[in-house]
Amino acid sequence: MALGSGSARGLAHIGVLRAGIMVDVVAGTSMGAVIGAVFASGRP
């Protein structure tokens, strides 16, 4: 999953990741990288 930059868009990524979509690889820039790192670490 490719996650984009921007604070509002980054918050929207949280909802998409919580929807239960199966993800093999996460990549992101700026806020997307932060959200991707938290998601990859397994934290809620």
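Residues numbered from 1 in each chain as written. Predicted model: local features only at pLDDT ≥ 70, side-chain atom pairs only at ≥ 80, totals over all residues. Heavy atoms only, no water.

- In the annotation of an unreviewed UniProt entry, the chain is listed under the name Patatin and assigned to Pseudoxanthomonas spadix.

**Considering the environment of Leu 11**
Consideration 1: Structurally, Leu 11 is set in helix α1 (residues 7-18).
Consideration 2: For Leu 11, a relative accessible area of 53% gives the class exposed.
Consideration 3: A sequence separation of 24 residues divides Leu 11 from Ile 35, and the C-alpha atoms of the two residues are 8.2 Å apart. (Helix = DSSP H or I, 4+ residues; strand = E, 2+ residues; numbered from the N terminus. Buried < 20%, exposed > 50% of the residue type's maximum accessible area, 1.4 Å probe, protein only.)

**A few points about unusual backbone geometry**
Consideration 1: Positive phi, normally seen in glycine, also occurs at Ser 30, with a value near 55°.
Consideration 2: Structurally, the position occupied by Ser 30 is in the loop between β2 (27-28) and α2 (31-41).
Consideration 3: Using a relative accessible area of 53% as the deciding quantity, one classes Ser 30 as exposed.

**Notes on a nonpolar patch on the surface**
Consideration 1: A contiguous nonpolar patch, built from Met 1, Val 16 and Ile 21 and spanning about 230 Å² of accessible area, is present on the exposed surface.
Consideration 2: Inspection of the secondary structure puts Met 1 in the segment before β1 (2-3). (Patch = residues over 30% accessible without salt bridge, like charges linked within 9 Å, V, L, I, M, F, W, Y side chains within 5 Å. Areas by Shrake-Rupley, 256 points an atom, 1.4 Å probe, with all protein chains shown as cover. Salt bridge = Lys/Arg side-chain N within 4 Å of Asp/Glu carboxyl O.)

**Concerning the side chain of His 13**
Consideration 1: Looking at the secondary structure, you find His 13 in helix α1.
Consideration 2: Ignoring sequence-local partners within four residues, the contact set of His 13 consists of Leu 3, Gly 4, Gly 32 and Ile 35. (Contact = heavy atoms within 4.5 Å.)

**Remarks on the environment of His 13**
Consideration 1: Relative accessible area serves as the criterion here: at 12%, His 13 is assigned to the buried category.
Consideration 2: Taking the C-alpha atoms as reference points, His 13 and Met 31, 18 residues apart in sequence, are found 9.5 Å from one another.

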